[in-house]
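What follows is each chain in one-letter form.
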Amino acid sequence: MIDFDVVALSRLQFGLTAMYHFLFVPLTIGLSVIMAIMESVYVMTGRTVWRDMTKFWGKLFGINFAMGVATGITMEFQFGTNWAYYSHYVGDVFGVPLAIEGLMAFFLESTFIGVFFFGWDRLSRRKHLAVTWLLAIGANLSALWILIANAWMQNPVGAKFSYETMRMELTSLWEVFFNPVAQAKFVHTVSASYVTGATFVLSISAYYLLRKRHRGFARRSMVVAASFGLASALSVAVLGDESGYALTDHQKMKLAAIEAMWETEKAPAAFTVFGWPDEKTQTTKWAVRVPYALGIIATRSLNTELPGIKDLVKTAEGRVRNGILALKALRKLRKNKKDAEARRVFETHGKHLGYALLLRRHIADPVKANEDQIKLAARDTVPSVLPLFWTFRIMVGIGLFLILLFAWAFIETTRQRFGGRIFRWVALLSLPLPWVAAELGWFVAEHGRQPWVIEGLLPTFMGASNVPLANVILSLTAFILFYSALLAVDIFLMVKYIRRGPPGPKPDQRLLAGPPEPQRTEPPARQPMPAQQPLPNE
Amino acid sequence: MSPDLIPIDYATLRVLWWAILGVLLIGFGVLGGSDLGVGTLLPFVARHDAERRVAINAIGPTWEGNQVWFVLGGGAAFAAWPQVYAASISVFYSVMLVLVLALILRPVGFEYRNKVSHRRWRALWDWCLFTGGAVPSFLFGVAFGNLLQGIPFRLDETMRLSYEGSVLGLLNPFALMCGLVSVSMLVMHGGMFLVMKTEGAVRERARTAVRWSSCVLIMLFGFGGVCVFFWIKGYVITGAIDPGGPSDPLAKAVTRSLGAWYTNYAEHGWLLVAPGLGFAGAILGFAAATFRIGMIGLWCTGLSVAGVIATAGISMFPFILPSRAHPQSSLTVWDASSSPLTLFMMLAAVVILLPLVLIYTGWVIRLMRGKVSPNYVRDNADVLY
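Residues numbered from 1 in each chain as written. Chains lettered and ligands numbered in written order. Predicted model: local features only at pLDDT ≥ 70, side-chain atom pairs only at ≥ 80, totals over all residues.

### Focus on the overall build of chain B
Test applied: Here a strand is any run of E in DSSP of at least two residues, a helix any run of H or I of at least four, and the numbering for each starts at the N terminus. We compute the radius of gyration from the C-alpha atoms alone; for a globule the expected value is 2.2 Å times N to the 0.38, where N is the number of residues. Each residue is classed by its C-beta neighbour count within 10 Å, where at least 20 other C-beta atoms makes it buried, 12 or fewer makes it exposed, and intermediate counts make it partly exposed; the C-beta atoms are placed from backbone geometry. Here, residue contact means that the backbone-derived C-beta atoms of the two residues sit within 7 Å.
From N to C terminus, chain B includes 15 helices and 6 strands. Relative to its length of 385 residues, chain B is compact, with a C-alpha radius of gyration of 21 Å against a globular reference of 21 Å. Taking the principal axes of the C-alpha coordinates as reference, chain B spans close to 65 × 50 × 40 Å. Taking all 385 residues of chain B together, the buried fraction comes to 57%. Pairs at least 24 residues apart make up 81% of the contacts formed inside chain B by residues separated by at least 6 positions.

Have a look at this one:
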């Protein structure tokens, strides 16, 4: 019944389109806040250069935002096209944060983006500033609700399986909203998005300074990026997503896989900095370990034990057995809703029903599974260790590097030097790093969740639609072609508008206009920025 | 919160959520629909770049917010009618693919068109905006045409969906006709929007478009009614169904019969207001275009859009997604909804947040009021779309 090729291609398609969508999302979130900060300075000081900055970064924001919206629309409907059983199974719970996202956040963001671009002349300064902040708030709220939905897939709280409707049903909205995994994810993801926005502004400002263009503009932008970026980069690390991983068994499995921790260790566990996990022998070669570090990071304590992969598999085996009991009871209940014995069994073991469904990969009817198949199903709960181990470490490495970069930038800007050539080049070349880290982070979170689409409840392969393989091949091809073309256009326009720079007299016009006159439209005493050599294009 | 504490009974919650889904669809039809109509009309009412920018900027500041009605419709269906969302979207897999790909041409089309002043570049994005308007307009109608006939899916014991039939089956004559109803309706409404927002040549051509499309709409909408009366079988629930019972679609029995889609109108005559609005709005829209009355005309065509969408929904009530392959699997208001707690919580969210959305949307529309002229576009060439 289950076509595993459809499952594999649907996963590939969802993964690709989601990662593609997330090329644009963090920049939207980060840049919206940076624009709002810049415009706030404009309203407070009245200096028009800050308005021009808001407009210039806003233009790049707009190019990026269009792609974010375009790729976001396809995400929403992919749950229906490719994951129909998933949609039925958890829509009662998972659909709620998605719908509220539309109602509370996406509406706000999309309604005010038009006013942000076209309302400059129709609104007072303060009102326009309010619009910009509403746009930024909309973008951030949007992330909140989507991450609440995603966190529920990692840690499905506040819901219960109903045998009458054969799906998960909401028991507490409160628990879904205040899911601890959601809080960790939100802070981590939004801070990472701010870092992305700050890196974008920092790198492009460094580019202008390297080319000796738009210097006043670039310096001011760099000041905002450096301080905002440093605070955000620190918060990404301190409030790392990993804090949520010690909560539930599969989250523990994810943690163990990321750390290639095969055996349960005495608390506090050591942190493996480097090594080569070998999944066949279930050992890590050439491991370099820091004692106690992992226990402290993951459990925030010295005496909480973290289980290793092998022990977690043993636990899973017991659950598969319980799951089979639950499945048998469920079938009886579907035939006769008044079967009290079956109801009692289901109430005891129902929470492990999903583990029995894991057997579907090995046998059509899980109830008939033999010992080997149960062992195989339990073994399936281990995500692939090697890619998780390394992607996580590269992500963390980039995060640490970005903290150093922003610390450097912060020192340079506070000392009013804005860096030498080396700093500017490093800043410029760091441009892709936050995107790499974000994509790897999502890989860790979602690949680490496998084999589950809803942790402990529904295996990924069960969630897929029963559609013909040809359909999925067609849509996957169409998405790849379409998205590649659009990405090429997006990058072309970004580069074009970055090269063009903010509006201002061109260098040759400056020569025609005679020697530059220091602008005195604003009193120099109020200059908040260290513009030592005022340029005419400020 | 315990389910016993929910102050509204399950059946009422279900009807309310059926209505909310209708309101969201109508919201998209009325607000987003005019944007789709303008997109469809773009190559015809605006012949060169200056005119095209007038037409595009007429909807420029508001189209993005209007589109959210569609996105929210999807989200609300997911949360309140999960199996409806799952079945409708996966049955229409390839149609959805085309729809979504066409829709995503719009954000990039609007944003990127003016970024390069080369003639071919702009022609490319004009084509995208046209496709992004015409194709979704058509496909929404095709989807409704299929809903009225029933869709080829069935549910198994574990509520897993399977499908019969093909894409070509979805493109049957009645569905194609419904697609044309939808295109003519949205062209009328979008044209009316341009009559209100523009002046000169664009406005005159938009006027002509409204007059033609309103006539086509009246004829095809009427003909659709005739088809449903004489040829398209409706669906009827036979036997008992508990409107407050758990959502288990397989617990009921369903038969098909000719004229069943007229039962609701026969039993509750006042419901004929919906098709009445569909016709009257189009007739008044024709008149308004003739006499160049923009704002009131837009209200008329908007009511026509609302009436046409409501007509389809009311005919099928309590069915939402009838199944042709296995009528028992049909999804209805009484057996395809989310749990009472989800419906109630979401209702609370809608009651609090939707009025806010309407308030700020109204504020933005008011703020951006006034005609878009070629001079205005020329003076703000760098800022506008």
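### Looking at helix H6 (residues 105–113) of chain B
Quick reminder: α-helices carry 3.6 residues per turn. Residues three or four places apart thus point the same way. Extensive coverage of H6 of chain B is indicated by the burial of 9 of its 9 residues. Along H6 of chain B, the positions that sit buried rather than exposed are Leu105, Arg106, Pro107, Val108, Gly109, Phe110, Glu111, Tyr112 and Arg113 of chain B. Summarising the contacts, the buried residues of H6 of chain B are in contact with helix H2 (48–82) and helix H18 (469–500) of chain A together with helix H2 (49–59), helix H3 (63–80), helix H5 (93–103) and helix H7 (119–149) of chain B.

### Considerations on the packing of helix H1 (residues 10–45) of chain B against helix H9 (residues 173–197) of chain B
Residues and elements named next belong to chain B. Keep this limit in mind: Geometry is summarised by axes, namely lines fitted to C-alpha atoms with helices restricted to the contacting stretch, and by angles between N-to-C directions that run from 0 to 180 degrees. Our angle categories are set so that under 35 degrees counts as roughly parallel, over 145 as roughly antiparallel, 65 to 115 as roughly perpendicular, and the remainder as oblique. Charged residues are taken to be Asp, Glu, Lys and Arg, nonpolar residues to be Ala, Val, Leu, Ile, Met, Phe, Trp, Tyr, Cys and Pro, and polar residues to be all remaining types, Gly included.
Where H1 contacts H9, the axes come no closer than 7 Å and their chain directions differ by 80°. The angle between H1 and H9 places the two elements in the roughly perpendicular class. Here Gly33, Ser34, Leu36, Gly37, Val38, Thr40, Leu41 and Val45 of H1 come into contact with H9, specifically with Val183, Leu186, Val187, His189, Gly190, Gly191, Phe193 and Leu194. Of the residues contributing to the contact of H1 with H9, the split by class is 9 nonpolar, 7 polar and no charged.

### Considerations on the environment of Ile297 of chain A
Residue and element names in this part refer to chain A. Of note, Ile297 is situated in helix H9 (residues 293–299). By C-beta crowding, Ile297 is classed as partly exposed, having 18 other C-beta atoms within 10 Å. Residues Ile297 and Gly240 lie 57 residues apart in sequence; the distance between their C-alpha atoms is 9.2 Å.

### A look at the interface of chain B and chain A
Of the residues lining the interface, 63 residues belong to chain B; the matching set on chain A comes to 60 residues. For the side of chain B that touches chain A, the secondary-structure elements that each account for two or more residues are H3, helix H4 (82–91), H5, H6, strand S2 (161–163) and helix H14 (340–367) of chain B. In terms of residue count, H14 of chain B provides more of the side of chain B that touches chain A than any other element does, 13 residues in total. Of the residues belonging to the side of chain B that touches chain A, the class tally is 41 nonpolar, 16 polar and 6 charged.

### Points about the pairing of strand S1 (residues 159–162) of chain A
All names here are of chain A. We count it as follows: A pair of strands is considered paired only if DSSP assigns at least 2 bridges between the two.
When S1 meets strand S2 (residues 167–170), the two strands line up antiparallel, connected through 4 bridges. Following the sheet pairing, Ser162 is matched in S2 by Arg167. Between the antiparallel neighbours S1 and S2 lie 4 residues, among them Met166 with a positive phi of about 60°.

### Considerations on the nonpolar core
So the rule is basically this: Nonpolar core, as used here: buried Ala, Val, Leu, Ile, Met, Phe, Trp, Tyr and Cys residues forming one set through C-beta atoms within 7 Å.
With 306 residues, the main nonpolar core has Ile34, Val96, Ala99 and Val320 of chain A together with Ala55 and Leu194 of chain B as its most contacted residues. Ranked by residue count, the leading element in this core is helix H3 (residues 84–118) of chain A, at 23 residues. Beyond its immediate stretch of four places on either side in the chain, Ala55 of chain B contacts Val38, Leu42, Val45, Ala46, Leu194, Thr198 and Val202 of chain B.

### A look at unusual backbone geometry
Look at the link from Gln450 of chain A to Pro451 of chain A: it is a cis peptide, with omega at 10°. Looking at the secondary structure, you find Pro451 of chain A in the loop between helix H16 (433–447) and strand S5 (452–454). Look at the link from Phe317 of chain B to Pro318 of chain B: it is a cis peptide, with omega at 5°. Turning to its location among the elements, Pro318 of chain B is positioned in the loop between helix H13 (294–316) and strand S5 (319–321).

### A look at the confidence of the model for chain A
Should pLDDT be low for a region, the predicted coordinates there are not to be read in detail. This is how the line gets drawn: You can read pLDDT as the predictor saying how much it trusts each residue, on a scale of 0 to 100.
Averaged over chain A, the pLDDT score is 87; the fraction of residues at 70 or greater is 91%. Ignoring residues within four places in sequence, the model shows residues 505–538 of chain A, a span with pLDDT below 50, making 31 contacts including any to other chains.

### Some remarks on the confidence of the model for chain B
Per-residue confidence for chain B gives a mean pLDDT of 93, with 99% of residues at or over 70. Confidence metrics for the complex model read pTM 0.91 and ipTM 0.93.

### A word on the packing of helix H1 (residues 4–45) of chain A against helix H6 (residues 180–210) of chain A
All names here are of chain A. Where H1 meets H6, the axes come as close as 7 Å, and the angle between the chain directions of the two elements is 70°. Classified by the angle their axes make, H1 and H6 are roughly perpendicular. Residue-level contacts link Pro26, Leu27, Ile29, Gly30, Leu31, Val33 and Ile34 of H1 to Val190, Ala192, Ser193, Tyr194, Thr196, Gly197, Ala198, Phe200 and Val201 of H6. Residues of the contact of H1 with H6, tallied by class, amount to 12 nonpolar, 4 polar and no charged.

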